[in-house]
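# Structural characterization, general
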Amino acid sequence: MLRLVPRVFSLRRNSDQPFPNHLRLPLVLSALLLPSVAAGIVIRHDVPDAAYLAKESDFPALFSIYRTKAGHKECVATLIDFRWAVTAAHCAREKRLLEAVAPGGKGYSVEVAGRPASIDKVIHHPGTGTGRAPDIALLRFASPVTHVAPIPLYRNRDEQGRIIVMPGWGGTGNGKSGLGIEDGLFRVAENLVDRAAEGRLRWKFDAPGLNSRALTLEGISGPGDSGGPALIKTPGGWAVAGVSSAQDTMGGGEGLYGVEEVFVRVSEFTPWIDGHLARKPRS
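Reading guide: rules and limits
- Residues numbered from 1 in each chain as written.
- Predicted model: local features only at pLDDT ≥ 70, side-chain atom pairs only at ≥ 80, totals over all residues.
- Heavy atoms only, no water.
- Helix = DSSP H or I, 4+ residues; strand = E, 2+ residues; numbered from the N terminus.
- Buried < 20%, exposed > 50% of the residue type's maximum accessible area, 1.4 Å probe, protein only.
- Contact = heavy atoms within 4.5 Å.
- Pairing = 2+ DSSP bridges.
- Phe/Tyr/Trp six-rings, centres within 6.5 Å; stacked < 30°, edge-to-face > 60°.
- Lys NZ or Arg CZ within 6 Å of the ring centre and 35° of its normal.
- 1 Å grid on protein atoms, 1.4 Å probe; cavity = no way out; pocket = protein on both sides within 12 Å on 5 of 7 lines; lining within 4 Å.
- Points joined across faces, edges and corners; volume = space filled by probe spheres on them.
- pLDDT = per-residue confidence, 0-100.
- Core = buried A, V, L, I, M, F, W, Y, C linked by side-chain atoms within 4.5 Å.
- Axes fitted to C-alpha atoms, helices over the stretch in contact; angles between N-to-C directions.
- Salt bridge = Lys/Arg side-chain N within 4 Å of Asp/Glu carboxyl O.

## A short note on the overall build of the protein
- Within the protein one finds 2 helices and 18 strands.
- Looking at the protein as a whole, 55% of its 283 residues are labelled buried.
- Counting only contacts in the protein whose residues sit at least 6 apart along the sequence, the fraction spanning at least 24 positions is 72%.

Here it is in structure tokens:
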């Protein structure tokens, strides 16, 4: 049975709104609510956790939109321009965010690389009229964020077979036992893109072993990491190739070896993104 699980874990319990229907993504036959534990990056069971730990300062363009009740970062966005960030659409539908950016609102406060910033507009992809809109949204800042270099969009269509890296906060787990505890630490994992089509990037969480395709730091994102980037290394540095959206559990448990990650394929949406970035900011 196909189950696509959104990459958030606590938006329902931290909100006075019911779990939104838009989290039931296309092709979902059964979407279950997530357990109340989080995993930021799920790792190999045979590699020390310390190997995945990273410095936030190495990825200063990443920031969280929300905080859990425990104070941990949840729902990630990436600065792609001095005035704009990209995230998952389901992360950008929370009542507290939408009310803050509505006419008459005071803006929504976040922290980017240790400094406060205010979001004054949210733009969801409108879709094509042939199905649910893609799980991607833009966040506009009230004033330019100039102390951090944005990460550019990946525009090539050669993602299949490329190595991507996934940074994220939260707890951890491993492919053998599944999701673990929430600890708020920053980790980075890598994987190999298996498919790039129909607006999505997909890759499997491969188990280590003889003839395995598992990478040294093989892993996947976890609940709480929605909206976070899949980054591809280019000659000019990192580029945003994907946006964390969901996980196909293949009928099993979340975070186990064999599950498939589903990210929005950024290269298919660059014309839409560019169209908004080119517009002069207006209230």
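## Digging into the sheet that holds strand β15 (residues 219-221)
- Read across the sheet, 4 strands follow the order β11-β10-β2-β15 without closing on themselves; strand pairing throughout is mixed. Since the sheet does not close on itself, it has two edges, and those belong to β11 (178-179) and β15, each with one partner.
- The pairing of strand β2 (residues 41-43) with strand β10 (residues 172-174) spans 3 bridges and is classified as parallel. Following the sheet pairing, I43 is matched in β10 by N174.

## Let's talk about the packing of aromatic side chains
- Applying the stated criterion across every chain, the model contains 7 aromatic pairs.
- Note on W169 and F186: the rings are 5.0 Å apart at their centroids and 50° apart in plane angle, and the pair reads as tilted. With W169 in the loop between β9 (163-168) and β10 and F186 in the loop between β11 and β12 (187-192), this pair connects stretches of sequence that are 17 residues apart. F186 carries the same exposure label as W169, and that label is buried.
- Pairwise contacts between aromatic rings join F59, W169, F186 and W238 into one cluster.
- The residue whose ring lies beneath K233 is W238, and the NZ or CZ to ring-centre distance is 4.5 Å.

## Quick look at empty space enclosed by the protein
- Summed over all chains, the structure comprises 2 cavities of 30 Å³ or more.
- By volume, the largest cavity amounts to about 40 Å³.
- Forming the boundary of the largest cavity are I41, M166, P167, S221, D225, G228, P229, S244 and F263.

## Re the confidence of the model for the protein
- For the protein, the mean per-residue pLDDT works out to 86, and 84% of the residues sit at or above 70.
- Counted against residues more than four places away or in other chains, residues 9-39, with its pLDDT under 50, gives 77 contacts.

## Looking at the nonpolar core
- Among the nonpolar cores identified, the biggest contains 49 residues, and I65, Y108, L139 and F141 are the most heavily contacted of them.
- Aside from chain neighbours lying at most four places away, what touches F141 is F63, L79, F82, R83, W84, A85, V110, V112, A117, S118, I119 and D120.
- One finds I164, A189, A196 and I232 within the second-largest nonpolar core, a separate group that totals 17 residues.

## Observations regarding the environment of V145
- In this fold, V145 is placed in the loop between β8 (137-141) and β9.
- If near-sequence neighbours (up to four positions away) are discounted, V145 is found in contact with L79, F82, V112 and A117.

## Re the sheet that holds strand β6 (residues 108-112)
- With respect to topology, 6 strands assemble into an open sheet ordered β3-β4-β5-β8-β7-β6, the strand pairing being antiparallel. The open sheet terminates on both sides in strands that have one partner only, identified here as β3 (62-67) and β6. Geometrically, the sheet is characterised by an average inter-axis angle of 45° between neighbouring strands, direction not taken into account.
- Sheet topology note: the β3/strand β4 (residues 73-81) ladder contains 5 bridges and is antiparallel.

## Quick look at the pattern of salt bridges
- Taken as a whole and assessed by the stated rule, the structure comprises 15 salt bridges.
- Close ionic contact of D183 with R187 constitutes a salt bridge, the shortest N to O distance being 2.8 Å.
- For D183, a relative accessible area of 25% gives the class partly exposed.
- For R187, a relative accessible area of 1% gives the class buried.
- Ionic pairing is found between E260 and R195, a salt bridge with its closest N-O pair at 3.0 Å. With E260 in strand β18 (residues 260-265) and R195 in strand β13 (residues 195-197), this pair connects stretches of sequence that are 65 residues apart.
- On the accessibility criterion, E260 (4% relative accessible area) is buried.
- By relative accessible area, which is 43% here, R195 ends up partly exposed.
- One network of salt bridges, in which partners are shared, links D49, D183 and R187.

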